[in-house]
There are 2 protein chains.
Amino acid sequence: MLQTVCCIHILCLSSVFTSPPKDGEDPFDTKDLPKNLGYVARMKDGVMYVYNDAAAADKHQPKDLPCPDYLTFIDDMNFLIALIAQGPTKTYTHRRLKFLMSKFNVHEMLNDMEELKELKINPHRDFYNCRKVDTHIHAAACMNQKHLLRFIKRSYRVDAERVVHSLKGREVTMKELFESLNLHPYDLTVDSLDVHAGRQTFQRFDKFNAKYNPVGASELRDLYLKTENHISGEYFATIIKEVASDLEDAKYQYAEPRLSIYGSNPIEWTKLSSWFVKHRVFSPNLKWMIQVPRIYDIFRGRDFVPHFGKMLENIFLPVFQATIDPQSNPELSIFLKHVTGFDSVDDESKHSGHMFSSKSPKPEEWDIAKNPSYTYYIYYMYANIAVLNQLRMQRGMNTFMFRPHCGEAGAITHLLAAFMTADNISHGLNLKKSPVLQYLYFLTQIPIAMSPLSNNSLFLEYAKNPLLEFQKKGLVVSLSTDDPMQFHYTKEPLMEEYAIAAQVFKLSTCDMCEIARNSVLQSSLSHEEKLHFLGQAYLKEGPEGNDIRKTNVAQIRMAYRYETLCYELNLIKEGLKTE
Amino acid sequence: MLQTVCCIHILCLSSVFTSPPKDGEDPFDTKDLPKNLGYVARMKDGVMYVYNDAAAADKHQPKDLPCPDYLTFIDDMNFLIALIAQGPTKTYTHRRLKFLMSKFNVHEMLNDMEELKELKINPHRDFYNCRKVDTHIHAAACMNQKHLLRFIKRSYRVDAERVVHSLKGREVTMKELFESLNLHPYDLTVDSLDVHAGRQTFQRFDKFNAKYNPVGASELRDLYLKTENHISGEYFATIIKEVASDLEDAKYQYAEPRLSIYGSNPIEWTKLSSWFVKHRVFSPNLKWMIQVPRIYDIFRGRDFVPHFGKMLENIFLPVFQATIDPQSNPELSIFLKHVTGFDSVDDESKHSGHMFSSKSPKPEEWDIAKNPSYTYYIYYMYANIAVLNQLRMQRGMNTFMFRPHCGEAGAITHLLAAFMTADNISHGLNLKKSPVLQYLYFLTQIPIAMSPLSNNSLFLEYAKNPLLEFQKKGLVVSLSTDDPMQFHYTKEPLMEEYAIAAQVFKLSTCDMCEIARNSVLQSSLSHEEKLHFLGQAYLKEGPEGNDIRKTNVAQIRMAYRYETLCYELNLIKEGLKTE
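Now for a look at the structure at hand. Predicted, not measured: the structure shown is a model, and the values here were computed from it. (Residues numbered from 1 in each chain as written. Chains lettered and ligands numbered in written order. Predicted model: local features only at pLDDT ≥ 70, side-chain atom pairs only at ≥ 80, totals over all residues. Heavy atoms only, no water.)

**Some points on the nonpolar core**
Stage number 1. Core analysis: the biggest nonpolar cluster contains 330 residues, and Y224 and Y441 of chain A together with Y224 and Y441 of chain B have the highest contact counts within it.
Stage number 2. Once you skip the residues sitting within four places of it in the chain, Y224 of chain A turns out to touch L148, F151, I152, S155, M174, F178, Y235, F236 and I239 of chain A. (Core = buried A, V, L, I, M, F, W, Y, C linked by side-chain atoms within 4.5 Å. Buried < 20%, exposed > 50% of the residue type's maximum accessible area, 1.4 Å probe, protein only. Contact = heavy atoms within 4.5 Å.)

**Focus: the pattern of salt bridges**
Stage number 1. Using the criterion set out here, one finds 64 salt bridges over all chains in the structure.
Stage number 2. In this structure, K287 of chain A and E529 of chain A form a salt bridge, with 3.0 Å as the shortest nitrogen-oxygen distance. In this pair, K287 of chain A is assigned in the loop between helix 11 (268-278) and strand 7 (288-293) and E529 of chain A in helix 23 (residues 527-534), connecting sequence segments 242 residues apart.
Stage number 3. What you see here is one network of salt bridges that share partners, running through E108, D112, E115, D511, E514, R557 and R561 of chain A together with R199 of chain B. (Salt bridge = Lys/Arg side-chain N within 4 Å of Asp/Glu carboxyl O. Helix = DSSP H or I, 4+ residues; strand = E, 2+ residues; numbered from the N terminus.)

**Overview of the side chain of D547 of chain B**
Stage number 1. Summarising the element assignment, D547 of chain B is placed in the loop between helix 23 (527-534) and helix 24 (548-551).
Stage number 2. When neighbours within four sequence positions are excluded, D547 of chain B is seen to be in contact with L534 and G535 of chain B.

**Things to note about the sheet that holds strand 13 (residues 477-479) of chain B**
Residue and element names in this part refer to chain B.
Stage number 1. The four strands lie next to each other as 10-11-12-13, forming an open sheet whose pairing is parallel. Because the sheet does not close on itself, it has two edges, and the strands there are strand 10 (405-406) and strand 13.
Stage number 2. In this structure, strand 11 (residues 425-427) lies alongside strand 12 (residues 448-450), joined through two bridges in parallel fashion. Note on strand 12: the bridge partner recorded for S426 is A449. (Pairing = 2+ DSSP bridges.)

**Let's talk about the interface of chain A and chain B**
Where interface size is quoted, it is often the accessible area lost as the parts come together.
Stage number 1. Counting residues at the interface gives 47 residues for chain A and 47 residues for chain B.
Stage number 2. Seen at the junction of chain A and chain B, the total is 10 salt bridges.
Stage number 3. The partner of D511 of chain A in a salt bridge is R199 of chain B, and the shortest N-O contact between them spans 3.6 Å.
Stage number 4. On the surface where chain A and chain B come into contact, there are 28 residue pairs in polar contact (both at pLDDT 80 or more).
Stage number 5. When contributions to the side of chain A that touches chain B are tallied by element, the ones reaching two or more residues are helix 4 (87-120), helix 5 (145-159), helix 7 (190-193), helix 18 (452-458), helix 21 (493-504) and helix 22 (509-522) of chain A.
Stage number 6. Among the elements that take part in the side of chain A that touches chain B, helix 21 of chain A stands out by supplying seven residues, more than any other.
Stage number 7. Among the residues making up the side of chain A that touches chain B, the classes are represented as 18 nonpolar, 13 polar and 16 charged. (Polar contact = N/O pair within 3.5 Å; in protein donor to acceptor, adjacent residues only side chain to side chain. Nonpolar A, V, L, I, M, F, W, Y, C, P; charged D, E, K, R; others polar.)

**Re a nonpolar patch on the surface**
Stage number 1. There is a patch of nonpolar side chains on the surface, built from V106, M109 and L110 of chain A and spanning about 350 Å² of accessible area.
Stage number 2. Mapped onto the elements of the fold, V106 of chain A is located in helix 4. (Patch = residues over 30% accessible without salt bridge, like charges linked within 9 Å, V, L, I, M, F, W, Y side chains within 5 Å. Areas by Shrake-Rupley, 256 points an atom, 1.4 Å probe, with all protein chains shown as cover.)

**Observations concerning the pairing of strand 5 (residues 170-173) of chain B**
Residue and element names in this part refer to chain B.
Stage number 1. Across four bridges, strand 4 (residues 163-167) lies against strand 5 in antiparallel orientation. Within strand 5, the residue paired with H165 across the bridge is V172.
Stage number 2. Taken together, strand 4 and the strand that follows it, strand 5, pair antiparallel across an intervening segment of two residues, in which K168 is found at a positive phi of about 45°.

**With respect to the relation of the copies chain A and chain B**
Stage number 1. Overlay of chain A on chain B (RMSD 0.0 Å): rotation 180°, translation along the axis 0.0 Å. The operation mapping one copy onto its partner corresponds to a two-fold rotation axis. By C-alpha distance to the rotation axis, the residue of chain A lying nearest is I500 of chain A, at 3.1 Å. (Least-squares fit on C-alpha atoms with pLDDT ≥ 70 in both.)

Interpretation in functional terms is not warranted from these geometric data alone.
Here it is, written out as structure tokens:
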């Protein structure tokens, strides 16, 4: 079993390093962009191929950038589907997980004070000044509600007479825009802004999505929270830079905001990167991610795209082109330097009705209005990122991680698809429901960015969140805010997230610092940054890889984790011998 | 029953108004202190009496400042003790409380959105800018752990060579002090500071009390968290002024810190007020309270006092004297202007073994080492404050509220004693255990300052806290931090307290604003401040008394509360008619 498991998981895009600009280097410098390779990139059966030239492309003689094969993926998937339903495997993994839980409880009772003692004699470092990364946050909700409110009021005081929007083809000033909405920013409050999730959003992802519209008005979302609008996304850029400046002041906090690429047309990338460069939306404390919403059905319904293949092409072709010939789109090339990974997002509780199999239509044949399944999306995103990364690695460019939303709701097959493909996932709540998958995530140490406050407003009450259970068993969990605008109250959303978890779950300082360390490890911070924040040996396993002076995680804890993991892996190894 | 209840509760010191200094007035001005009345104050049987002169005192012909009579108190107490144990009363109140809960749930389901609508159309005001008071916080723990750590490091950078302490009679510099403790402040972290409550403090009030010692060293507690030390409490004053300055910046937050008077000797008041005046520890956002620890047994054990009466005299005689002749102790007179009430504090889970009855020794006869019961303490504090308030009211001086810690742990008789005497209480957790008392607190609307995060570290897990249940039933609850140094993580402890309650209990904005309004109402803010923060009619009952523009509490909610309370009171009235 272990071999299969390892073989399947080896598909994932691990060891992806990104390099941030060095000190003094201008992050927007286009001077030294690499030359055009003259290659041609084309999509075939939903996957990008790279050819030496057009002739090779016409004959489909692609360069050797092997991508995980479609049939192998389906085979592995079917194997795993059978595995997670297999009675004895379920019993075995359930018992092992139960054992892991009890073992940690014993460890805690025996070593709690010893761990604390280690931390007490560790100079300079405590929970406040160990690095922590907000591993999952959406740019459009990265400010808290009070921040957005203040920004709107301030923008009105300065820019009331500025043309900021186009209403039915007519250019209007901010004053006219607010008048058309029967609003005056002076009267606005957090209540009327109405972007905070409440009791009404529980189990209602649709209502939650509507909360992105300040005062329920999509015009205001356009004006303040979009990169593309009448003012070229200036306000949105300014808000993000304010958030970044707060993080820089806090010094030890980093965030990985997601920006959207939808795939409804091929120039989205150009527009987004132009916004990024124009407003110089750069901060050393932000690492950018691209989120792709799984909303083909909406685009097909509006006839934006003829088939699913076109959507994939819109998402990936521009990136391949900019990788082959960076100078053809300097802004995009610059932006891609700052992008660290891809995310796949949408309401997982919506059931697509489609089941990915070898008989499924190819993306170019997928022209029906129905959305493909989560697994189908995941495979094609993953395959394209894998090819792209090989190409970029060959060019010495930064590569991309694949970090989809997964297991927030919906079928457990989502977690299975991500298990096969993802560097790490966001949410992972539904691992609760499958002991086999939970145990596999443990064995392979796939990190999970959890957001219990977000779950509390949408899918699962706080006290029932499996965060504590996962952490105890040794799954690699981090804490993230998801959407401070909708969920948080204070000026420091990530600290609020840690504080509430610490209080409700009675986490020790060692627990909190372990979670913070996990967050840095699983983040897209560069290798250099990780060396600096976690210590020179951070890539080594076990206590050797931990520098307590940097992480404030007790070596006793690290040893416990390492021994426990080795023990479990060894059990399987021994089991295979006797087979 | 109602008559008895009202009659008993009428003993409480309601309608106590304090006046803060007017704009431009110097809060430390001693110019216009009232003249000496020439009266004589003496203690007899544990209660202060005021006489026209020494001759009248010798003959015990006191002035007419009637205080709640000892025997009446015991009679009422015994009546209530019988009442809370009476089967039919328990059934009745249990059923009424259950009904109140269900009724609120129905109200919520029907009017949730209507309340929200009211708040949305209410301009300018939202949860962030409605006033909230931290109704229960101890001065010695009013800063958070990070703040204290920073202050210690900063003080060392500036004052290393300053003489700050006396070690075994020898004056030492700060550097020498830290050396004697084998510490260097540069290496200190939040972990080594070790003032935060953790899993180790649960059900261990003793361990919790030890957390007041930074790095476990009582020398550092002396230096940084005491009003009386080698540097005249300068650092403690500075820390408090920094906390005050943060509150002033936040603008909408107030706090009521407690300072200790122990009663071990008669000059404590003079020392404390001299600290207050010397360091000008004044802020419009702080309202001062005096806490009296119930630790007679310790003082008696060390022979600091010959009997309990002496302890009471040490606590009250100086205040009476400064009230009769303010110029005799100008600093104390100034300080008393800023004191708004008394608190009674200590570990309630310690059982004294004494039961207050008409046969109990008088305070002057209480010379055994054993501590008197909670009720005994409460009665004598209450009686003295009542006499004192009458005297001060006659002189046009500010009076004092009685706001003891009560029901955090221990016997439910504590809640019974406070029911008879207190303006409001801190904690009230144990109302969970007595439906009769809980219903009485509801009927009489005695406010309860709750601190669920403190409870979570000491006595009761967060999710089991009765805050939500009490709030739903219509008991008057507020949120308070108790000890930010021990319990909180963020820079804004009160906001952290509200945020966690909002998240865990899924409070609506209306709920949160109602709790904030309760906190202002029950606080010792002056009448003028309450007019300003709650509206001109705030003393009126029901929706009439609510100004939504100031409080952001929906009128629908206010109407619901008022109708519900009237209905319950009316039920009892009708019941009495048919008797």
